[in-house]
Each structure stands twice: as C-alpha cells, then as structure tokens.
Amino acid sequence: MGVVHAAFWLTLEPVAFMNDFAGKFDLLVMTLPLTFLPSLLAIIVAIWSTRKTMLARNYWLCALVLTLIGLGLSAVYFLPMNNGFVAQSFTPEEARVNLEFWYNLHWVRVALSAVSCLFTLLAFKATVNAHHQIIQS
C-alpha cells in the first residue's frame, strides 16, 4: 500500500484521501495474508529443518524476528490506523498528520522486510553449504 499508493495519497486533500483509501482498502488488505502467511510458514519450516546447522538456523531466526516485528507493526499500528482512515474518524488535520506518519513508518516496515530478505538469502547460502558439507563427508 505504502509503496504504490501513499505518494499519490499525499497529494490529495485529507477527505479525498480517506475516501480513496476506503474504496481501495479491502482489495489492498486481501493481498497481505496471501503473501505474509506463506513466507512466515516457510521461515518456520526452514528454522526447524536447519536446527542442527547453527549458522543457517541463526540467519533464519533473524529473518523470523524481523518478519514478526513487521507483523507487530501491522497489528499494533497499521491495522487500527487503516481502520480509522476507512471509517474517516479523523479530522482533516489529523488525517494529514496520521498519513504522513503512516507513510514514514511504512518505510520502516519496508526496510525490515528488505533486511529480512537479506537474512533469508544468507540462510539459503548457509543451508546449501551445510548440505554440501554433509554430502562430501
């Protein structure tokens, strides 16, 4: 939402933004479980399957922690704020301030995801290296 739509939303007047947000929110929020849950499940399975490979497991754990922090931000901040935008429960001034903070905090969530992806790549590499060592032994 933040990457694709927020820059546009910042150009709108607050009431127009909340109207646009309310019209798109159901479609946008539907994608989250379809992308987040498989990722979370895959990381958990990877942690379990690499439990004897310390380096790989630790990288997977880092990816999990960052993913869970992102989920926590979504549950604690973004979901209530998004519902406030949909319900238009903010004054225009509050909506503007909240949208600007929402936008900036969204980039924090994007950064968490990017670093989690980096740990995932490191974990894949460590997992493959560990399997190669087992095969060669």
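Keep in mind it's a predicted model, so treat the numbers as computed, not measured.

About the cut-offs
- Residues numbered from 1 in each chain as written.
- Predicted model: local features only at pLDDT ≥ 70, side-chain atom pairs only at ≥ 80, totals over all residues.
- Heavy atoms only, no water.
- Phe/Tyr/Trp six-rings, centres within 6.5 Å; stacked < 30°, edge-to-face > 60°.
- Buried < 20%, exposed > 50% of the residue type's maximum accessible area, 1.4 Å probe, protein only.
- Lys NZ or Arg CZ within 6 Å of the ring centre and 35° of its normal.

(A) Quick look at the packing of aromatic side chains. Summed over all chains, the structure comprises 15 aromatic pairs. Taken together, a centroid distance of 5.5 Å and an interplanar angle of 65 degrees make the contact between F85 and F90 edge-to-face. Just as F85 is buried, F90 falls in that class too. Clustering of aromatic rings is evident, with ring pairs tying together W9, F17, F21, F25, Y77, F78, F85, F90, F101 and W102. Over the face of the ring belonging to W48 we find R51, whose NZ or CZ atom lies 4.1 Å from the ring centre. Positioned above the aromatic ring of F78, the side-chain terminus of R109 is 4.0 Å from the ring centre.

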